[in-house]
Amino acid sequence: MREKIAIIDFGSQFTQLIARRIREINVYSEILPCYKLSGLDTTGLKGIILSGSPHSVLDKDSPMIDMQNILGMNVPILGVCYGAQLLVHLNGGTVCPSDHREYGRAMLSPDASCDLFAGLPESSQVWMSHGDTITALPVGAANVGGTNDIANAAFKMGGKEVYGIQFHPEVTHSTDGKSIIKNFVIDICGTDASWTPEHFVTET
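Computed from a prediction, not measured in an experiment: that's the story for all the values here.

**Q** Give me the lowdown on the environment of Asp176, citing residues and values where you can.
**A** You can see Asp176 is positioned in the loop between β9 (162-165) and α4 (177-188). In the structure, Asp176 is positioned 91 residues away from Gln85 in sequence and 22 Å away in space, judged by C-alpha atoms. When near neighbours in sequence (up to four residues on either side) are disregarded, Asp176 contacts Leu120, Pro121, Ser124 and Gln125. A distance of 2.6 Å separates polar atoms of two side chains, one belonging to Asp176 and the other to Ser124.

Printed below as a string of structure tokens:
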């Protein structure tokens, strides 16, 4: 049975890059548009990543999903930018428009005790690209990282392997981004990192 990480795509320009980063560490990843979740095959599913988006979770017509269904799959989840804000918005937290668009490099101070940031330095450069920001976390969620401008740059939902980050680890501007992705995919999701492109060709 092939292990996989499912990436739920909300329209981010970086979704394909997330998939590439995961495949670079020898784990199969599959992209699924957020409006086609009925097509999500849970066979071999080890984790879910919620992508970024050009939309705002506050918009009337912003892309949504059945979050309780996703959480009910009982696999680790990582929300990236829009995905993180959606986790907050649909679980009782608060997302508000920023006073100014948060775009560009920032220095993250990660919680060293958080598995997502294992092995990271005390300060790590990350890449921001969002117009909204998380002002209050859901009940039971814990802050696990912030920057000078963003208090809730990273969080973990209480009692679950569910994480949210308000930056893009998949881009090269996030200097420890590959380590963050690897921590999630390998250590938190428990994949065996044995997949190669040759496997896909053979199976196909």
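**Q** How would you explain the nonpolar core if you had to name every residue and give the values?
**A** Within soluble globular proteins, side chains that are nonpolar generally end up buried alongside one another. Ile22, Ile49, Leu116, Phe117, Phe184 and Val185 are the most contacted members of the largest nonpolar core, which has 33 residues in total. Only β1 (4-9), α1 (15-24), β4 (77-80), β5 (94-110), β6 (124-136), β9 and α4 provide two or more residues apiece to this core. In terms of residue count, α4 provides more of this core than any other element does, 6 residues in total. In this view, Phe117 contacts Leu108, Pro110, Asp111, Val144, Ala154, Ile165, Phe167, Ile180 and Asn183; residues no more than four positions away in its chain are not counted. Core analysis: the next-biggest nonpolar cluster, separate from the first, contains 28 residues, Ala6, Tyr82, Leu86 and Ile134 among them.

**Q** Could you give me a rundown of the packing of aromatic side chains, with the residues and numbers involved?
**A** Per the stated rule, a full pass over the model turns up 3 aromatic pairs. On the basis of an interplanar angle of 55° and a centroid distance of 5.5 Å, the ring pair of Tyr28 and Trp195 is categorised as tilted. Highlighted residues: Tyr28 in strand β2 (residues 28-33) and Trp195 in the loop between α4 and α5 (197-203), separated in sequence by 167 residues. Its relative accessible area of 8% is what places Tyr28 among the buried residues. When the ring of Tyr103 is compared with that of Trp127, the centres are 5.2 Å apart and the planes differ by 75°; the resulting orientation is edge-to-face. Of this pair, Tyr103 sits in strand β5 while Trp127 sits in strand β6, and the two are 24 residues apart along the sequence. Looking at Trp127, the relative accessible area reads 11%, which means it is buried. One residue, Arg2, lies across the ring of Tyr28, its end atom 3.9 Å from the ring centre.

**Q** Give a detailed account of the side chain of Gln85, specifying residues and quantitative values.
**A** Relative to the assigned elements, Gln85 resides in helix α3 (residues 82-89). Residues in contact with Gln85, not counting those within four places in the same chain, are Val57, Val95, His130, Asp132, Thr133, Ile134 and Gln166.

**Q** An account of the environment of Gln125 is needed here, citing residue identities and associated values.
**A** Position of Gln125 relative to the elements: it lies in strand β6. Sequence spacing of Gln125 and Cys189 is 64 residues, and the spatial spacing of their C-alpha atoms is 24 Å. Among residues more than four places away in sequence, those in contact with Gln125 are Arg105, Ala106, Met107, His173, Ser174, Thr175 and Asp176. Within the local environment of Gln125, its side chain forms a polar contact with the backbone oxygen of His173, the two atoms lying 2.7 Å apart.

The rules we used
- Residues numbered from 1 in each chain as written.
- Predicted model: local features only at pLDDT ≥ 70, side-chain atom pairs only at ≥ 80, totals over all residues.
- Heavy atoms only, no water.
- Helix = DSSP H or I, 4+ residues; strand = E, 2+ residues; numbered from the N terminus.
- Contact = heavy atoms within 4.5 Å.
- Polar contact = N/O pair within 3.5 Å; in protein donor to acceptor, adjacent residues only side chain to side chain.
- Core = buried A, V, L, I, M, F, W, Y, C linked by side-chain atoms within 4.5 Å.
- Buried < 20%, exposed > 50% of the residue type's maximum accessible area, 1.4 Å probe, protein only.
- Phe/Tyr/Trp six-rings, centres within 6.5 Å; stacked < 30°, edge-to-face > 60°.
- Lys NZ or Arg CZ within 6 Å of the ring centre and 35° of its normal.

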